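What follows is the residue order along each chain.
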Amino acid sequence: MILDNTPYSFDRVVRMALAAGLLWGVITTLGYLSDVLIPFAVALLLAYILNPLVHRVQMFVKSRGLAIGLTLFFFFVAVGGLCWIIIPLMGREVAHMGRLISDLVSNSKLAEEAANRLPPDVWQALRDYFNTPEVRDFFRTDSFISMAQATLRRVLPGLMGIISGTYSVLMALVVPAVVLLYLIFLLMDFQKVRVAWKELIPPQYREGVVSFVEEFDLAMNRYFRGQTTIAGILGIFFATGFSLVGLPMGILLGLFVGLLNLVPYLQLLGLIPAVVLAAIHALETGQSFWVVMGMTGLVFVVVQIIQDAVLVPRILGKAMGLSPAVMLLSLSIWGKLLGLLGLLIALPMTCLALAYYRRLVLAPATPELIVKPAGEGGS
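Residues numbered from 1 in each chain as written. Predicted model: local features only at pLDDT ≥ 70, side-chain atom pairs only at ≥ 80, totals over all residues. Heavy atoms only, no water.

Quoted straight from UniProt, the Subcellular location (unreviewed entry) entry for the protein says "Cell membrane". In its Sequence similarities (unreviewed entry) section, the UniProt entry covering the protein states "Belongs to the autoinducer-2 exporter (AI-2E) (TC 2.A.86) family." (UniProt positions renumbered as here; feature names shortened; annotations may be inferred.)

Structure follows, in structure tokens:
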């Protein structure tokens with residue numbers, strides 16, 4: 001226990017220092033190995049999300065291998081179908097946005113309309129921003145795939161370093177193949193490990209450890225399966241709503257806002273680009289800015305009502321997982337420590353730490369909950 005009355009003896013302080021050093025060593029090692037651990041981390045998260053689907057399919061086909069094969073087949077068909085529909089739409093949206101930006105930074109009719117209808121300071125700020133080389137080059141890209149690669153190079157330079165250079169084509173094929181192999185192996189052993197690991201715990205500690213792991217699994221379940229499902233549904237709703245309003249890049253913005261909802265209520269940050277795109281749409285069509293902005297705000301309101309009144313109660317239930325502030329702090333800290341790998345493991349590690357804190361620090365000191373070798377003194 002940490003908050004008990006046990007005196008801080010020299011032995012206890014040394015053990016705490018060793019534990020802190022061990023923790024720092026683990027974080028440093030993970031940072032060093034992050035490039036090779038990223039495919040495994042991605043596969044592990046996918047396995048955790050897909051395992052319930054595999055279990056349901058296995059109710060109809062007895063073979064675990066066949067159930068995994070069918071689940072992955074339908075999963076990749078669904079993902080491929082969405083990409084086949086969405087990527088061309090995004091490409092057209094990006095091309096349209098590129099033409100609008102070119103018109104805004106030139107002496108076109110659209111630029112004159114913007115100068116007349118927008119406050120001078122706002123118009124000058126927008127024009128200066130759209131005239132930066134990064135923005136113009138981004139929307140001048142010929143293909144959506146090239147644009148996505150350019151984005152990844154800016155956002156994830158470490159990852160793109162793995163799949164770039166002389167062996168870029170080879171690595172672009174090898175990395176997904178490695179993730180797929182990891183995913184298949186993890187799904188094959190998922191159920192077996194889920195049952196058999198309890199037998200590896202000594203009987204005198206088993207109840208406390210199992211209870212601790214079950215609480216961790218419950219917190220993980222609320223986030224990875226619940227919040228991910230909600231974020232995906234909201235992304236579709238936002239993309240549909242923005243497209244109906246007619247916003248430039250409405251689909252891309254909607255999916256981005258849905259992605260932000262992986263941290264609850266962070267989608268409110270999407271209001272900033274939504275306001276900018278609403279202003280551009282009003283200038284392009286000649287509509288009133290307030291009418292376009294009102295319709296854009298209505299999309300946020302309607303989707304928020306659907307989220308709070310329908311999706312959250314049905315998918316997450318009354319009990320919520322991590323609070324938005326804790327989730328955002330967790331992503332910030334682990335992302336800073338380990339980059340992309342940190343972002344992938346941030347919430348599982350935070351759930352694990354909170355489960356440990358509730359079970360082993362806040363809970364009363366009992367032999368079942370304090371996992372330590374028999375005969376050792378309090379720590």
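Q: Could you give an account of the nonpolar core, naming the residues involved and the relevant values?
A: One finds Leu104, Phe130, Phe238, Phe242, Leu247 and Leu253 to be the most contacted residues of the largest nonpolar core, which totals 35 residues. The element that contributes the greatest number of residues to this core is helix H13 (residues 289–316), accounting for seven residues. For this core, the two domains that each supply at least three residues are domain 1 (32–200) and domain 2 (208–319). Not counting chain neighbours up to four residues away, the residues in contact with leucine 253 comprise Phe242, Leu247, Gly270, Pro273, Ala274 and Leu277. (Core = buried A, V, L, I, M, F, W, Y, C linked by side-chain atoms within 4.5 Å. Buried < 20%, exposed > 50% of the residue type's maximum accessible area, 1.4 Å probe, protein only. Helix = DSSP H or I, 4+ residues; strand = E, 2+ residues; numbered from the N terminus. Domains from an automatic or database assignment. Contact = heavy atoms within 4.5 Å.)

Q: Kindly report on the packing of aromatic side chains, identifying the contributing residues and their values.
A: Applying the stated criterion across every chain, the model contains seven aromatic pairs. Each ring, one from phenylalanine 40 and one from tyrosine 182, has its centre 5.3 Å from the other, and the planes form 85 degrees; the classification is edge-to-face. Taken together, the positions of phenylalanine 40 in helix H2 (residues 34–58) and tyrosine 182 in helix H9 (residues 168–196) put the pair 142 residues apart, joining distant regions of the chain. Given a relative accessible area of 32%, phenylalanine 40 falls into the partly exposed group. Consider the rings of phenylalanine 289 and tryptophan 290, whose centres lie 5.1 Å apart with planes at 70 degrees: the pair is edge-to-face. For phenylalanine 289, a relative accessible area of 24% corresponds to the partly exposed category. The structure contains a cluster of three or more aromatic residues connected by ring pairs, namely Phe238, Phe242 and Phe300. (Phe/Tyr/Trp six-rings, centres within 6.5 Å; stacked < 30°, edge-to-face > 60°.)

Q: Before we move on, can you summarise the packing of helix H3 (residues 64–105) against helix H12 (residues 271–285) with the specific residues and values?
A: With their axes 12 Å apart at the nearest point, H3 and H12 run at an angle of 75 degrees to one another. Considering the angle they form, H3 stands roughly perpendicular to H12. Where H3 abuts H12, its residues His96, Met97, Leu100 and Leu104 lie against Leu277, Ile280, Leu283 and Glu284. By residue class, the composition of the contact of H3 with H12 is six nonpolar, one polar and one charged. (Axes fitted to C-alpha atoms, helices over the stretch in contact; angles between N-to-C directions. Parallel < 35°, antiparallel > 145°, perpendicular 65-115°, else oblique. Nonpolar A, V, L, I, M, F, W, Y, C, P; charged D, E, K, R; others polar.)

Q: I'd like a rundown of the UniProt feature "transmembrane region" (unreviewed entry) in the protein, residues and numbers included.
A: With numbering aligned to this structure, UniProt lists the feature "transmembrane region" (unreviewed entry) at residues 12–30, 36–54, 66–87, 167–188, 230–256, 262–283, 290–313 and 333–357. Counting secondary structure, residues 66–87 comes out at 100% helix and 0% strand; the distance between its end C-alpha atoms is 31 Å.

Q: Mind laying out the confidence of the model for the protein, listing which residues take part and the relevant values?
A: Here the protein averages 75 in pLDDT, and 78% of its residues register 70 or above. Per-residue pLDDT, averaged within each element of the protein, yields its smallest value for helix H8 (residues 157–162) (46) and its largest for helix H11 (residues 250–260) (88). Below pLDDT 50 for its whole length, residues 365–379 participates in 27 contacts with residues either more than four positions away or in separate chains. (pLDDT = per-residue confidence, 0-100.)

Q: So what about unusual backbone geometry? Which residues, and what values?
A: One non-glycine residue, methionine 249, adopts positive backbone phi at about 55 degrees. Within the secondary structure, methionine 249 is located in the loop between helix H10 (203–245) and H11. Judged by its relative accessible area of 11%, methionine 249 is buried.

Q: Pulling in residues and values, what's your account of helix H14 (residues 324–338)?
A: Here H14 spans 21 Å end to end across 15 residues, near enough to the 21 Å set by a 1.5 Å rise per residue. Taken together, the buried positions of H14 are occupied by Met327, Ser330, Leu331, Trp334, Gly335 and Leu338. Taken down its axis, H14 places every buried residue within 115 degrees of arc, on the same side. Facing away from the buried surface of H14 by more than 90 degrees, the exposed residues are Ala325, Leu329 and Lys336. Just downstream of H14 lies glycine 339, where phi reads positive at about 65 degrees. (Expected span 1.5 Å × (residues − 1). Arc of directions from axis to C-beta.)

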